[in-house]
Structures are given as C-alpha cells and as structure tokens.
There are 2 protein chains.
Amino acid sequence: HPAELSMQAGGRGPNGRPHPRTFLACATAESEPRSGERAVDFPVCVVLPAGGTGERTGLQTPKQFWSFLDRPLISYTIDAFERVSWIQNVVVVVAKENVDQMSHIVQRFAHRKVRVVTGGCTRHRSISNGVRALAEDRPEVVIVHDAVRPFVEEDFLYQIALAAKEHGAAGAIRPLVSTVIASTAEGFLDHSLERSKYRASETPQGFTFDVISQAYQRCSDWDLEFGTECLHLALRYCRVHAKLVPGPPTLWKVTYRWDLAAADSILKEPMLRSACVLSGDSVHAATLVSSLQKAVGALSMKLHVLTDLSAGIQAFLMKEWNYIHVSVDVCRLSDMEALVTRLEVEKRAPLCPLVLIWVHLNTHGDQPCSRAEGDTAAILDLASALKPNKLLLYSIQLHKSEEPELWEGSVSKLSELIGVLVKERSPALVGQLLRA
Amino acid sequence: HPAELSMQAGGRGPNGRPHPRTFLACATAESEPRSGERAVDFPVCVVLPAGGTGERTGLQTPKQFWSFLDRPLISYTIDAFERVSWIQNVVVVVAKENVDQMSHIVQRFAHRKVRVVTGGCTRHRSISNGVRALAEDRPEVVIVHDAVRPFVEEDFLYQIALAAKEHGAAGAIRPLVSTVIASTAEGFLDHSLERSKYRASETPQGFTFDVISQAYQRCSDWDLEFGTECLHLALRYCRVHAKLVPGPPTLWKVTYRWDLAAADSILKEPMLRSACVLSGDSVHAATLVSSLQKAVGALSMKLHVLTDLSAGIQAFLMKEWNYIHVSVDVCRLSDMEALVTRLEVEKRAPLCPLVLIWVHLNTHGDQPCSRAEGDTAAILDLASALKPNKLLLYSIQLHKSEEPELWEGSVSKLSELIGVLVKERSPALVGQLLRA
C-alpha cells in the first residue's frame, strides 16, 4: 500500500500537517495496488485555468469555488496533482477578483506546489499567462487541465505526460454522448456526424513546453479571443498532431448546477466503505459488534474492530473517515474525549470531516433512556465544540433486549442510522441523541 | 395557477387517486404563469424507448428503473407527458425481461396513458416497434423521447410538436460542452470541429406519423443495427430536414452513476421551497413562528402559517411537501393523528413522501426535556406506522428561553434541522426526537 505509507511517512505541508489527500486516492490505495509507482523522469508542471464565472450553473459563486465538505472544488483538483510525486508546480490562473480568495485557499489547505497567477479574459489568454509563468522553470512537459474536473488520477496523468513528451502533444478523449449535428443558417438539420468517427476532446492535455509556448506566441488574436482548444493551436501553429488518449468517465466536468450534487456523491463514496469500531472488551459490546458486522454488510460497509484505544489505533487514524465508539451502560465523556484528543493530535480533522458515532448500549432494565439529562447536554456541548474542527459527533442509544426479534430490529435500525450519518455527514445533526 | 387548479379538480387516476404530478410541474406553477395553456389541436402520441441496460452507470439496475424518493425514474418521465392534456398515448418500449416490472410501475403509480410494448435489441428497433404500436391510432405527430430525461416541460413539447407538424420533423439541440475532434486511424488528432458550428442533438424529437413510419420502413438493416439518430433517418429516407429547436439545459440525460445524485437533487429542489406551519393560537407559538419565519429565510424557504387545522388546510394539502406542527408544552398525539388523517384522506401520501415535523416548544422550567418517556416511544411508534405510507414524521423539541441570545440560537438550530430534514427526506431518521 504505497499511498498509505506515504500518508504516514511523508507528504507534510509547510506547517507540519499531513497533506490533505483526496478521498479517491485513499480509495484506490485500498482497492488495488497502484501502478502510480511509475514516475516520469523529466520535469512536469501543470497549468490550471480557473477563471470561469460559473454562468452555466446559474449560481453566483463560480463552480471551482463551490464547497464540498467545507472544502472548495479547486482544492480537490489541486490535490489530485500535488499527490503525484513527479509533478513539480501547479500554476492556478484565476480572475483578478479571485486572487485573494485563491491565496486563502492555498494557505488553508496547505497546498505546497501552487503558484497563483492572474488570468486573461478568455480561456486561451489565461492558459497563455499560465505558460508564461513557467518560463523560468522550463519544464519538459506542461499539462493543461480544468479546475472543475477534480477526479483525475495519477495513472492517466502519466499516460498523458509520456505521450506529450514523445509526440509533442497529447489529449484525453471520450466517446460522444450525443449525436453531433450541423445546422443550416435557417436552423434546419444539414447533416449529422457519424458518432463513431468523432470523439469529445477533454482534459488533461499535455504539451512539450516548446510546443505550447510557440503555439501561444504564434496564434492570432482571433484564436485567443474565440478559440477553446489547445490541441488545435498545437496542430495549426506547430504542425503537431496530438496523440489522443481515451480517458475514464470520471474526467467528466462539473458543468451544471446539479453536477454539484453529483460531485458531492463521488467525493463521499469512499467514505462509506468502512468504519473503525472501538468496542472495549465487554461481552455485551462484542455481541453488539458481531450483530452489527452482519447488518452493515447490507450497506457494503466494513467494520475494523479495536477493543483497545491504544492498540493499533494509530494505523487507523490516518485512514478512516468514520469512528464508532461503543459504551455499555456507563458512558464516560472522558472516553470520547480521549479518542478526540488522539484524532486532534494527528491534526487530520481540520482537513476533512470525520464522523464519530457514540453508541450507548443499555443492558439494564426496560426503559431505553437510562442517562441523566446532564449527560445529554454535555454530549451536545462537546459536539458543538468539536464541530469547527470538523469532528462530527453523533450519538445513538439502544437497549439490549433479550427478545431476539427486538434485538435484531434494534441492530438493523442502528446500522441504518450509522449508514445515513456516515453518508450525509450533516453538520446540522451534530450532537443529537438518536434511538435505535 | 392553472396547474394548481388541475391538481385539485381533475387528473385522477383509474383508482380515484389524484394523479402523481412531478415536482417540477408544481414548481413551475408557483414561480411563473405557465404558457402551457397553449394546446395543439391535432393528435400527438409519444414513443419512449426504455430498453437500456445501464452499462455506463456500472450498476445492475438499468438507470430508467432507478428509484428516487421510492419512485422509478421512468415514472417521472411518463408523468411529464401525462400531465400534458394534448398528449394522448405514451408507448413505453422495454426489454422483454422488464415488461412485468414496467406493468407493475404503471399500476402502482396510476399511469393512465401508457401502453407497454416489447423492444428490439437496439434503440432504432425499439422505436420502430413503438411506432408500429401506434398504427391504429395514427396520430398526426409522434414524439420520441428518452426515458432517462425526466425533466421535459410542456412548453418545449409544444414547440417540438408544432415544428414537427409544420416541417415533418423537429428535434431538440444543445450547445456542445466539449470540442469535437476527428481522429486518424492511428489515434492522432486529424482535425477539430469549430464548436460554434455544431450542436448536440438531444430529445424530445417530433415527426409526423407518416415521416417516422416511412423512415423505419425504408431504412436499412445497418441503420437499425448501428444508427442512433432518428433525425438522420428522416433526412436520408424521407428527405425531411428537421427543424432544430434549442432546448433548456434540463434536457440533460442521466448517463453516469453520479448523475443519479444529480437527478435526485433536481427532483428534491422544489420540495425545499416552502412548508405549511400549523401553529395553533398560542402566543408562544406565534412568537416561535415569527422568529422561525426569519430564520428559514436563510434557507430560501417560505412558511405558510395556519393557526387552525380546519381553516384553509385543504388548499395546502395538495400543494405542500412539508408540514410543521407546533405544540406548546402539551403535545397531544391526537393532534398529529388528526393531521395525518387529513393527509391520508387526500390520498396524496402514497405517491410521494411528505415530511411532517412535530415541534415541541417547552415554556416551563429549565430542563429542556419535559416529556414522559412514554410519549417519546409513542411518537416513535406512530412514525414507524406512517413510514410505509410515505408520511415521514420527525420531532424536534426546544425550550423557550428568556435570554434573547439563547432563544435566537435555538430558533436558528430549529431552522437548520428543518432544513436538513426537508432536504434529505431520510426514512432512517423517522421517529427520532431531535433537540434545537
């Protein structure tokens, strides 16, 4: 698990905090060995035009600044490049009025490879500014990408960089989703293109520094004003036929307002896969956990169970998005505080919201609510205090019934609640005491 | 408000239930006067190919059968056509193995204009089957649409139907999102198309019955097997140049797995706009409601306040997605039951999930939880009983503090909780007692 190792060993930001990894990266690390070991042996920089105004979403905030789990989209995109060891710099080109906001984002999320540059009023002028900002670096290859495509993977960047070096230019392509047609001047169908012969041109695209620089030096004002396609400039002004590389569907671009919900679901997906359960060594807790193991299977969630906070917790601290702490009968606030301290010491919390679910199992008597009112208020207070640190604390109580059917119902309810808390990661529900 | 009138007066299904309107239709009715009054004066039928297997989503269930708020996507699409008075029949073409499922959907959601037909193994063969099924009806115009584009509006259908009648064929177009490029046989850029000269061809498309029938009779096996574009067949085999009509961005097609989250957010959007508050006539409730009015403004939600269940509730029953019932100090289960009975009498609940939030305002003493444990259990029981009827009952308690700051904090928390409950419409949280 190379990604996991690097998460613990290296990749720390200028302030000593571990670098914020994207969720997709972690997911990949878990599911299969990454071929990301392959590194290019020549300097590569990135130009990320982010001057868009978000017209198509119908929202005031440009979409690259839209927030997912309290972190702007562009920060995820930057991160996708920063975690690639062989990428040296990321030049982010933003509109003049967004320079301050962008610098703030760079600082807050500890981005280490970013240079913020002021953009022009069109896409080409912005990219051209970005390329000029790399004049002193003179990287072998420049990768051009869009700020609103956060899901680009290292392997694909590797393919693009290599093809760009070899052929002068390379670009991602995807099959066309719709038929493309040409219209007459009067608005009638002139002809339709045969779908299989054409492709949609996407990003990332790669160019040798010489090709992209010369293309922008030689191209016309008309190109800078009305063009959109860098591969076209390379062809027209440098006679370079770009290598076309089929890309994965996740290269998809956040375009419409509803794509924000789509991006949100992609970002959260890896967070639903597992949770770390701190069960303690009580027999009742063990029973609960083993029932819960089966119930969360329906959610395709895996539980990693630890009976002791000190044993092995470290390995999970940097890996897990979700923690379930089981208390039997007595719920000591100090237990939760100890866990929170460990998480805060690791300083991972400020970078992405962690879910902590405190499960209170009551084995005595029939009444489901055994806690004093003061406890409930104390949990609510603790939860409110943790929220700004992106530790989302919820609690769920359930009663250990001797009736198998009731017990099964409670466990299945508990699993359902865990599923929804982990999925929604809702700050509004923090501190609430739910019943399973 | 024509849509509103029709919701109350007509459009009942075969079993006497009001017809399930789409959420977008209601939203349109509220925001602007609809020009949907314009009706075409010739017979129009629809062919809806829904034989897809959902390969691109990577999910087992084809996307037209994916469920949103417990209702399959295709039912929303059918509904978009059924609510258009001048559309006579909707022929849904599904794969053989999905005929039973489709018939079940037609029955469950009381679709009135649908005929289910077995499809062929390609898009063109399916549409061709659908057109043949209309041979006896011989409508003037046939509209072809995709099951996975549920957000088509009456106005746009009107434009397509009229243009099809006049010109023989008409189709929706959208600007291209990506540059389209042609590849050489070796996988290099051959040339890129100038984006402004081309359009993406979308649906709905309209044809006179004669044009679409003849096109399918005359076209080749190759067309049926590998073609995808009906406008192309009309041009090639009937020499009809389709009129191209620019469509709205919502014609967007559910394509990838993450589009399911996007569609979900579009469907829920109109449900976030307002709630009906049943406040009773207590002074404390009035204070709460007036504070809440301001707080929910931040969510862009409007509250319609009723002090009495019997006065005017009828008008809201068919219009609102969200109800907030305020109890002061005493919370009588019978009050909530009365509201529930009214909603169930209207029989709207089974068609889409209604949110009922029971707010308990406690004005005595300092302890926030004044209710007996039995009450809590009773609410949980009631909520569980209502869930299968798609009445989602949640409760929130808050304490009337004399400290303005504390009170403001509670109201703002209440508003936050209402916002999240209304937005998520989560069945898992039903019956929970939350604290504001």
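No experiment lies behind these values; they were computed from the predicted model shown.

Engineer: Even after reading the chapter, I still don't get the overall build of chain A, so can you show me in this structure?
Structural biologist: The secondary structure content of chain A amounts to 15 helices and 17 strands. Taken over 436 residues, chain A has a buried fraction of 58%. Pairs at least 24 apart in sequence give 78% of the contacts found in chain A among residues at least 6 apart. Carbon and sulfur atoms form 51% of the exposed surface of chain A, whose accessible area is close to 17,500 Å².

Engineer: Please explain the domain arrangement of chain A as it appears in this structure.
Structural biologist: Size of an interface: often given as the accessible area lost when the parts come together. Residues and elements named next belong to chain A. Domain parsing of chain A yields domain 1 (44-183 + 194-267) and domain 2 (272-435). Of the residues lining the interface, five residues belong to domain 1; the matching set on domain 2 comes to four residues. A combined buried area of about 360 Å² lies between domain 1 and domain 2, and 62% of that area is made up of carbon and sulfur atoms. Our count for the domain 1 to domain 2 interface comes out at one salt bridge. Residues Asp 70 and Lys 390 are paired through a salt bridge, measuring 3.9 Å at the closest nitrogen-oxygen approach.

Engineer: Honestly, empty space enclosed by the protein in this entry has me stumped. Any pointers?
Structural biologist: Rolling a probe over the atoms, with the probe sized like a water molecule, indicates the empty space that remains. Following the criterion strictly, the structure yields eight cavities of 30 Å³ or more and no others. By volume, the largest cavity is sized at about 680 Å³. As for the largest cavity, its lining consists of 33 residues, and the residues nearest its centre are A:Val177, A:Ser178, B:Val177, B:Ser178 and B:Tyr256. Of all the elements in the fold, those that place two or more residues in the lining of the largest cavity are strand S7 (169-175), strand S8 (179-183) and strand S10 (198-208) of chain A together with strand S7 (169-175) and strand S10 (198-208) of chain B. Broken down by class, the residue content of the lining of the largest cavity amounts to 18 nonpolar, five polar and 10 charged.

Engineer: Would you mind going over the interface of chain B and chain A with me for this structure?
Structural biologist: Listed per partner, the contact involves 72 residues of chain B and 72 residues of chain A. Across the chain B/chain A interface, buried area totals approximately 5,900 Å², and carbon plus sulfur atoms make up 58% of it. Looking at the side of chain B facing chain A, the largest losses of area belong to B:Leu189, B:Trp258 and B:Arg435, adding up to 13% of the total buried there. Among the salt bridges present, the one from A:Glu269 reaches B:Arg257, with a minimum N-O distance of 3.1 Å. For the pair chain B and chain A, the number of links is 26 residue pairs in polar contact (both at pLDDT 80 or more).

Engineer: Before we go on, may I ask you to explain the packing of helix H10 (residues 259-268) of chain A against helix H10 (residues 259-268) of chain B in this structure?
Structural biologist: Any two packed helices are characterised by the angle at which their axes cross and by the distance between the axes. Orientation of H10(A) relative to H10(B), taken along the N-to-C sense of each, is 130°, at an axis distance of 7 Å. When the axes of H10(A) and H10(B) are compared, the pair comes out oblique. Considering only the axes of H10(A) and H10(B), their crossing is right-handed. Facing H10(A), whose interface residues are A:Ala261, A:Ala262 and A:Ser265, H10(B) presents B:Ala261, B:Ala262 and B:Ser265. Taken together, the residues of the contact of H10(A) with H10(B) sort by class into four nonpolar, two polar and no charged.

Engineer: What should I look at first to understand the packing of aromatic side chains in this one?
Structural biologist: Aromatic rings considered in pairs are described by the distance between their centres and by the relative angle of their planes. Taken as a whole and assessed by the stated rule, the structure comprises 10 aromatic pairs over all chains. When the ring of A:Phe151 is compared with that of A:Trp252, the centres are 6.3 Å apart and the planes differ by 10°; the resulting orientation is stacked. Taken together, the positions of A:Phe151 in the loop between strand S6 (141-144) and helix H6 (154-167) and A:Trp252 in the loop between strand S11 (243-246) and H10 put the pair 101 residues apart, joining distant regions of the chain. One aromatic cluster is present, formed by A:Phe151, A:Trp252, B:Tyr256 and B:Trp258 through successive ring pairs.

Engineer: Sorry if this is basic, but what is going on with the packing of helix H7 (residues 209-218) of chain A against helix H9 (residues 230-238) of chain A here?
Structural biologist: Residue and element names in this part refer to chain A. For the pair H7 and H9, the least separation of the axes is 9 Å and the interaxial angle reads 80°. By the angle between their directions, the pair H7 and H9 is classed as roughly perpendicular. Contact residues: Val 211, Gln 214, Ala 215, Tyr 216 and Arg 218 in H7; Cys 230, Leu 233, Ala 234, Tyr 237 and Cys 238 in H9. Within the contact of H7 with H9, the residues separate by chemical class into eight nonpolar, one polar and one charged.

Engineer: Explanation requested: the relation of the copies chain B and chain A in the structure shown.
Structural biologist: The pair of chain copies shares a relation made of a rotation about an axis and a shift along it. Between chain B and chain A, the superposition needs a rotation of 180° and an axial shift of 0.0 Å, giving an RMSD of 0.1 Å. Between the two chains, the operation in question is that of a two-fold axis. Every residue of chain B has its C-alpha some distance from the rotation axis, and the shortest such distance is that of B:Ala262, at 2.5 Å. Looking at the interface residues of chain B, 100% of them are also at the interface in chain A, so both copies use one shared face.

Engineer: Any chance you could explain the sheet that holds strand S16 (residues 391-399) of chain A here in plain terms?
Structural biologist: The strands that make up a sheet are held in pairs by hydrogen bonds between backbone atoms, and each pair lies either parallel or antiparallel. Residues and elements named next belong to chain A. One open sheet holds the six strands; their spatial order is S13-S12-S14-S15-S16-S17, and the pairing between them is parallel. Looking at which strands have only one partner, the edges of the open sheet turn out to be strand S13 (302-306) and strand S17 (433-435). Across the sheet, the axes of successive neighbouring strands diverge by a mean angle of 25°, strand direction being ignored. Two strands pair when backbone bridges link them, and strand S12 (residues 274-278) and S13 are joined in this way by five bridges, in the parallel orientation. By the bridge assignment, Val 277 is partnered in S13 with Val 305.

Engineer: Where do I start with the sheet that holds strand S12 (residues 274-278) of chain B in this structure?
Structural biologist: All names here are of chain B. Sheet architecture is open: six strands sit in the order S13-S12-S14-S15-S16-S17, paired in parallel fashion. Both edges of this open sheet fall to strand S13 (302-306) and strand S17 (433-435), since each of them pairs with a single strand only. For this sheet, the mean inter-axis angle between neighbouring strands, taken without regard to orientation, is 25°. Where strand S16 (residues 391-399) and S17 come together, three bridges link them in parallel fashion. For Ile 396, the partnering residue across the bridge sits in S17 and is Leu 434. The strands touched by helix H15 (residues 404-424) are strand S14 (322-328), strand S15 (354-362), S16 and S17; relative to S16, the strand with the most contacts, the crossing angle is about 170°.

Engineer: Any chance you could explain helix H9 (residues 230-238) of chain B here in plain terms?
Structural biologist: All names here are of chain B. The buried fraction of H9 amounts to seven of the nine residues, a majority that puts the element mostly inside the structure. All buried positions along H9 are accounted for by Cys 230, Leu 231, Leu 233, Ala 234, Leu 235, Tyr 237 and Cys 238. Its side-chain oxygen 3.2 Å from the backbone nitrogen of Leu 231, Glu 229 forms the N-cap of H9. Following H9 by one or two positions, Arg 239 adopts a phi angle in the positive range, close to 55°.

Engineer: What is the right way to look at unusual backbone geometry in this model?
Structural biologist: In this structure, A:Pro204 follows A:Thr203 across a cis peptide bond, with omega equal to 10°. Of note, A:Pro204 is situated in strand S10. Positive phi values are uncommon outside glycine, yet B:Ala110 reaches one of about 55°. One can find B:Ala110 in the loop between helix H4 (99-108) and strand S5 (114-118).

Engineer: Quick question: what am I supposed to make of the nonpolar core here?
Structural biologist: Most often, soluble globular proteins keep nonpolar side chains buried together rather than apart. In terms of nonpolar packing, the biggest core is built from 136 residues, with A:Ile357 and B:Ile357 touching the most fellow members. Apart from the residues within four sequence positions on either side, B:Ile357 is in contact with B:Tyr323, B:Ile324, B:His325, B:Tyr394, B:Ile396, B:Ile418, B:Leu421 and B:Val422.

Engineer: I keep staring at the confidence of the model for chain A and nothing clicks. Help me out?
Structural biologist: Do not read the fine detail of predicted coordinates wherever pLDDT is low. Residues and elements named next belong to chain A. With 84% of its residues at a pLDDT of 70 or more, chain A has an overall mean of 85. Every residue in residues 1-34 is under pLDDT 50, and counting partners more than four places away or in other chains gives 78 contacts. Interface predicted TM-score (ipTM) for the complex: 0.83; the corresponding pTM is 0.84.

Engineer: How do you make sense of the pattern of salt bridges when you look at a structure like this?
Structural biologist: Oppositely charged side chains may form a pair once their charged atoms are brought near each other. For the structure on display, the rule yields 28 salt bridges over all chains. Across the salt bridge formed by B:Arg125 and B:Glu225, the nearest N and O atoms sit 2.5 Å from each other. Taken together, the positions of B:Arg125 in helix H5 (residues 123-132) and B:Glu225 in helix H8 (residues 221-226) put the pair 100 residues apart, joining distant regions of the chain. Accessibility expressed as a relative area gives 33% for B:Glu225, which makes it partly exposed. Close ionic contact of B:Lys197 with B:Glu194 constitutes a salt bridge, the shortest N to O distance being 3.8 Å. Judged by its relative accessible area of 53%, B:Lys197 falls in the exposed class. Residue classification places B:Glu194 among the partly exposed positions, given a relative accessible area of 39%. Several salt bridges share partner residues, and in doing so they unite A:Arg123, A:Asp146, A:Arg149 and A:Glu202 into one network.

Definitions and limits used
- Residues numbered from 1 in each chain as written.
- Chains lettered and ligands numbered in written order.
- Predicted model: local features only at pLDDT ≥ 70, side-chain atom pairs only at ≥ 80, totals over all residues.
- Heavy atoms only, no water.
- Helix = DSSP H or I, 4+ residues; strand = E, 2+ residues; numbered from the N terminus.
- Buried < 20%, exposed > 50% of the residue type's maximum accessible area, 1.4 Å probe, protein only.
- Contact = heavy atoms within 4.5 Å.
- Areas by Shrake-Rupley, 256 points an atom, 1.4 Å probe, with all protein chains shown as cover.
- Domains from an automatic or database assignment.
- Buried area = accessible area lost by both parts, 1.4 Å probe.
- Salt bridge = Lys/Arg side-chain N within 4 Å of Asp/Glu carboxyl O.
- 1 Å grid on protein atoms, 1.4 Å probe; cavity = no way out; pocket = protein on both sides within 12 Å on 5 of 7 lines; lining within 4 Å.
- Points joined across faces, edges and corners; volume = space filled by probe spheres on them.
- Nonpolar A, V, L, I, M, F, W, Y, C, P; charged D, E, K, R; others polar.
- Polar contact = N/O pair within 3.5 Å; in protein donor to acceptor, adjacent residues only side chain to side chain.
- Axes fitted to C-alpha atoms, helices over the stretch in contact; angles between N-to-C directions.
- Parallel < 35°, antiparallel > 145°, perpendicular 65-115°, else oblique.
- Left-handed = near helix turned anticlockwise from the far one by under 90°.
- Phe/Tyr/Trp six-rings, centres within 6.5 Å; stacked < 30°, edge-to-face > 60°.
- Least-squares fit on C-alpha atoms with pLDDT ≥ 70 in both.
- Pairing = 2+ DSSP bridges.
- Core = buried A, V, L, I, M, F, W, Y, C linked by side-chain atoms within 4.5 Å.
- pLDDT = per-residue confidence, 0-100.

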